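Each chain, written out:
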Amino acid sequence: EIVRPAVDERPRLVAELAAAQPTLVVTLGNAALRVLREIVDGALPKKLAPDAQYGRRIAVRFQERVLHVLPLAHPAAPEAYQDAHDRWMAESNAS
């Protein structure tokens, strides 16, 4: 599993995220989402769901700041996630 080694790198990942000071972090896939869950304070889902909530930004706390997370499907995700991503893209482009 890719998540455990990444979580073992938590101090380095926290330092990099703190130095970058992003306002938005986009995760691609469940593994990246699970790693970020270990770093930020907030209610990130345990896994993506190809439902109406797909593509919604989630506000979390990171070192006294608000950080927005946009969990998206990994390009190699199963078809249901690709379909959810396509719907999200179509809705995003329509607005």
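Residues numbered from 1 in each chain as written. Predicted model: local features only at pLDDT ≥ 70, side-chain atom pairs only at ≥ 80, totals over all residues. Heavy atoms only, no water.

Digging into helix H4 (residues 79-94)
Item 1. Across its 16 residues, H4 extends 22 Å between first and last C-alpha, which sits within 8% of the 22 Å expected from 1.5 Å per residue.
Item 2. Of the residues making up H4, those classed as buried are Tyr-81, Ala-84, His-85 and Trp-88. Projected onto a plane normal to the axis of H4, the buried residues spread over an arc of 100° and lie on a single side. Turned more than 90 degrees away from the buried face of H4 sit Glu-79, Asn-93 and Ala-94, all of them exposed. (Helix = DSSP H or I, 4+ residues; strand = E, 2+ residues; numbered from the N terminus. Expected span 1.5 Å × (residues − 1). Buried < 20%, exposed > 50% of the residue type's maximum accessible area, 1.4 Å probe, protein only. Arc of directions from axis to C-beta.)

What about a nonpolar patch on the surface?
Item 1. Side chains of Leu-24, Val-26 and Leu-28 sit close together on the surface and give an oily, nonpolar patch of about 220 Å² of accessible area.
Item 2. Mapped onto the secondary structure, Leu-24 falls in strand S1 (residues 24-28). (Patch = residues over 30% accessible without salt bridge, like charges linked within 9 Å, V, L, I, M, F, W, Y side chains within 5 Å. Areas by Shrake-Rupley, 256 points an atom, 1.4 Å probe, with all protein chains shown as cover. Salt bridge = Lys/Arg side-chain N within 4 Å of Asp/Glu carboxyl O.)

Quick look at the environment of Leu-72
Item 1. Summarising the element assignment, Leu-72 is placed in strand S3 (residues 65-72).
Item 2. Residue class for Leu-72 comes out buried when judged on its relative accessible area of 7%.
Item 3. Counting along the chain gives 39 residues from Leu-72 to Leu-33, while the straight-line C-alpha distance between them is 8.8 Å.

A closer look at the confidence of the model for the protein chain
Item 1. For the protein chain, mean pLDDT is 92; residues scoring 70 or higher make up 98% of the total.
Item 2. Across the protein chain, S1 holds the top mean pLDDT of 97, while helix H1 (residues 3-8) sits lowest at 80. (pLDDT = per-residue confidence, 0-100.)

Quick word on the sheet that holds S1
Within a sheet, neighbouring strands are paired by backbone hydrogen bonds and run either parallel or antiparallel to one another.
Item 1. Spatial ordering of the open sheet is given by S1-S3-S2, a layout of three strands whose pairing is mixed. A strand with exactly one partner marks an edge of an open sheet, and here the two such strands are S1 and strand S2 (58-62). Taken pair by pair, the neighbouring strands of this sheet meet at an average axis angle of 35°, ignoring direction.
Item 2. In terms of strand pairing, S2 meets S3 through five bridges, oriented antiparallel. Bridge assignment links Val-60 to a residue of S3, and that residue is Leu-67. (Pairing = 2+ DSSP bridges. Axes fitted to C-alpha atoms, helices over the stretch in contact; angles between N-to-C directions.)

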